[in-house]
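Next come the chains, spelled out residue by residue.
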Amino acid sequence: MLDRQQLLSLIDEMAASHKASAGQISALLSCEDEEVINYLFSQALAVKEAVFGRDIYIRAIIEFSNVCRCACRYCGINRENQNIIRYQMPAGEILGLAYAAIDAGYQTIVLQSGEDLSYTREMLGAVIRKIKAYAPAVAVTLSVGERPYGDYAHWRVCGADRYLIKHETADVALYEKLHPGHSLEKRLDCQQHLQALGYEMGSGFMVGLPGQTMEMLAEDILLLQKMQVAMAGIGPFIPHPDTSLAGAAKGDIALTNRVLAITRLLLPTVHLPATTALTVQGGRAEALAAGADVIMQKATPAEKQRLYEIYPRPVKEEYSLKEKRQLLVTQLKSLGYMGI
C-alpha cells in the first residue's frame, strides 16, 4: 500500500512520463485520500490544457436505429428486450438531421446505432458521401459495431473520419459473460482493422460492471494505451431495468472520474468525453475538471431518444439543435471553458 507522499510522487511521474504499471494504477484507483485525488485531478487538467487549452469539443450524435443483433447483458436495446419499440431511420431522415446539426454549428457528426445489419455497406456509404459533400470540413464518426473489413474500408473511402467501438472490458472472462456469442479477440481485431485503414479509432469501457475489480480497470486503461486510441469513452455502469443486470449496483461517479484523470495522464492527446452516463448522474463538471475535453449532444429527435435507451436516462425539454448548442456553450463559458 502506497502512502500519501508516494501517491503524490507517482502522479508527478505519470504526468511527466505518461507511463504506469497496473499495480500503480490500481493503487491510485483505490485511493480515497482527498488531497491525493484533488492533486490527481489538477495534474490531469494541466496535461489536458497543455494539449487542448480550455477548449471543449461539442459533437452532435444521431442515434439512427435501436435495432440490434447482439444480446449484451447490460444494454437496453439488446435483441432480447421485448419491452422496447424498435425504430430505423431512413437515409433521408439521417441526412436531414445531419444537415441541421451542421447548420447549427456542429463540426463533428456521430452516426450511431445498434448492430443493425439492414443498413448495408452501400447504404451507409451513400449517407457518408452526402454529408461530406454538404460540408467537407465536418468530421463523420461512425459507431455501428463489428462489421467486415470491407465495410470499414468502403466507409473510409466514402469519407468517414473516425470510428468508435468500445472494448467495454479488457478481462476476457467478463467480456464473454457480458457479450454472449462475441469475443474480446474479435473486438480488438476490428479496432486494428480500423487503425490500419486510417480511421481515428475510439474505444472505451464502463466503470462498475458487476464482477469488475480495480485490477481489471487498470488493465482497461493500459489497453487503451496499447491500442493507441484517439478517443476513449469512459462512463459509469448504469443498470437497465429490462436487462438481466437490472438489480446490479450503479457504477461510482467518483471512481469513474479517477479513471478519467489517470487515462488523461497516460494518454495526453486522447479525446475524453464527459459521457452521457456521467452527465445524467450530475458528473459533467467533475469530468471536465478531471481532464475530459469532449461533450456529445443528442441530435436525435426526442421521441426517438426515449427509445434509444442503452441505460435509463431522462429526456429533457426539446430545444432546437442551435439552441441546445448555444446553451451548452454558455454553460461551458461559465465554467471557464470554450465550447467549439
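Scroll up to find the structure this text is about.
The present account deals with the structure reproduced in this document. (Residues numbered from 1 in each chain as written. Predicted model: local features only at pLDDT ≥ 70, side-chain atom pairs only at ≥ 80, totals over all residues. Heavy atoms only, no water.)

### Some points on the overall build of the chain
The secondary structure content of the chain amounts to 14 helices and eight strands. Each principal axis of the C-alpha atoms in the chain carries an extent, and together these give about 60 × 45 × 40 Å. Within the chain, the proportion of its 340 residues that are buried is 56%. Sequence separation of 24 or more characterises 74% of the internal contacts of the chain that already satisfy a separation of 6 or more. Accessible surface, the chain: about 13900 Å² in total, of which carbon and sulfur atoms supply 54%. (Helix = DSSP H or I, 4+ residues; strand = E, 2+ residues; numbered from the N terminus. Buried < 20%, exposed > 50% of the residue type's maximum accessible area, 1.4 Å probe, protein only. Contact = heavy atoms within 4.5 Å. Areas by Shrake-Rupley, 256 points an atom, 1.4 Å probe, with all protein chains shown as cover.)

### Brief notes about the packing of helix α2 (residues 22-30) against helix α10 (residues 253-266)
With their axes 9 Å apart at the nearest point, α2 and α10 run at an angle of 145 degrees to one another. Two packed elements cross with a definite hand, and for α2 against α10 that hand is right-handed. The residues of α10 that touch α2, namely those facing Ile 25, Leu 28 and Leu 29, are Leu 255, Arg 258, Val 259, Ile 262 and Leu 266. Looking at the contact of α2 with α10 residue by residue, the class counts come to seven nonpolar, no polar and one charged. (Axes fitted to C-alpha atoms, helices over the stretch in contact; angles between N-to-C directions. Left-handed = near helix turned anticlockwise from the far one by under 90°. Nonpolar A, V, L, I, M, F, W, Y, C, P; charged D, E, K, R; others polar.)

### Some words on unusual backbone geometry
Backbone geometry at Glu 168 places phi at a positive 70 degrees, although glycine is not the residue there. Within the secondary structure layout, Glu 168 lies in the loop between β4 (162-164) and α7 (172-178). One non-glycine residue, Gln 228, lies in the positive phi region at around 50 degrees. For Gln 228, a relative accessible area of 66% gives the class exposed.

### What to know about the pattern of salt bridges
Summed over the entire model, instances satisfying the criterion amount to 15 salt bridges. Arg 121 is the salt-bridge partner of Asp 151, the closest N and O atoms lying 2.6 Å from each other. Of the two residues, Asp 151 sits in helix α6 (residues 149-158) while Arg 121 sits in helix α5 (residues 121-134), which places them 30 residues apart along the sequence. The exposure class of Asp 151 is buried, given its relative accessible area of 7%. Put simply, Arg 69, Glu 115, Glu 146, Lys 186 and Arg 187 are held in one network by salt bridges that share partners. (Salt bridge = Lys/Arg side-chain N within 4 Å of Asp/Glu carboxyl O.)

### Some words on the packing of aromatic side chains
Within the structure shown, the criterion is met by six aromatic pairs. A ring pair is formed by Tyr 99 and Tyr 134, whose centres lie 4.1 Å apart and whose planes are at 20 degrees; its orientation type is stacked. With Tyr 99 in helix α4 (residues 91-103) and Tyr 134 in helix α5, this residue pair connects regions lying 35 residues apart in the sequence. Between Tyr 152 and Tyr 163 the ring centres are 5.0 Å apart and the planes differ by 70 degrees, which places this aromatic pair in the edge-to-face class. Residue Tyr 152 is located in helix α6, and its partner Tyr 163 is located in strand β4; the two are separated by 11 residues in the primary sequence. Taking relative accessible area as the criterion, Tyr 163 reaches 1% and is therefore assigned buried. Each residue in the set Tyr 152, Trp 155, Tyr 163 and Tyr 199 is aromatic and connected to the rest through ring pairs, giving one cluster. (Phe/Tyr/Trp six-rings, centres within 6.5 Å; stacked < 30°, edge-to-face > 60°.)

### Some details on the side chain of Arg 187
Within the secondary structure, Arg 187 sits in helix α8 (residues 184-196). Arg 187 sits in the buried class, given a relative accessible area of 10%. Only 2.7 Å separates the side chain of Arg 187 from the backbone oxygen of Lys 166, close enough to count as a polar contact. Sequence-distant contacts of Arg 187, that is, excluding residues within four places in its chain, are made with Glu 115, Glu 146, Ile 165, Lys 166, His 167 and Tyr 175. (Polar contact = N/O pair within 3.5 Å; in protein donor to acceptor, adjacent residues only side chain to side chain.)

### Details of the environment of Tyr 87
With respect to the helices, strands and loops of the structure, Tyr 87 is situated in the loop between β1 (55-65) and α4. On a C-alpha basis, the gap between Tyr 87 and Lys 250 in space is 28 Å, while along the polypeptide they are 163 residues apart. Look past the residues within four positions of Tyr 87 in its chain and what remains in contact with it is Glu 63, Phe 64, Ser 65, Asn 66, Val 67, Thr 300, Lys 304, Leu 307 and Tyr 308. At 2.7 Å, the side chain of Tyr 87 forms a polar contact with the backbone oxygen of Glu 63.

### Some points on the pairing of strand β2 (residues 108-113)
With respect to burial, β2 is a largely interior element, six of its six residues being buried. Both faces of β2 are covered, namely the face carrying Thr 108, Val 110 and Gln 112 and the face carrying Ile 109, Leu 111 and Ser 113. For the segment spanning β1, α4 and β2, crossover handedness is right-handed. Note that β2 and strand β3 (residues 139-143) share five bridges and pair parallel. Each bridged residue has a counterpart across the sheet, and for Thr 108 the counterpart in β3 is Ala 139. Following the chain from β2 across α5 to the adjacent parallel β3, one finds a crossover that is right-handed. (Right-handed = clockwise from strand over helix to strand, strands pointing away. Pairing = 2+ DSSP bridges.)

### Side note on the environment of Ala 46
By the element assignment, Ala 46 lies in helix α3 (residues 34-52). It is 39 Å that separates the C-alpha atoms of Ala 46 and Ser 65, two residues lying 19 residues apart in sequence.

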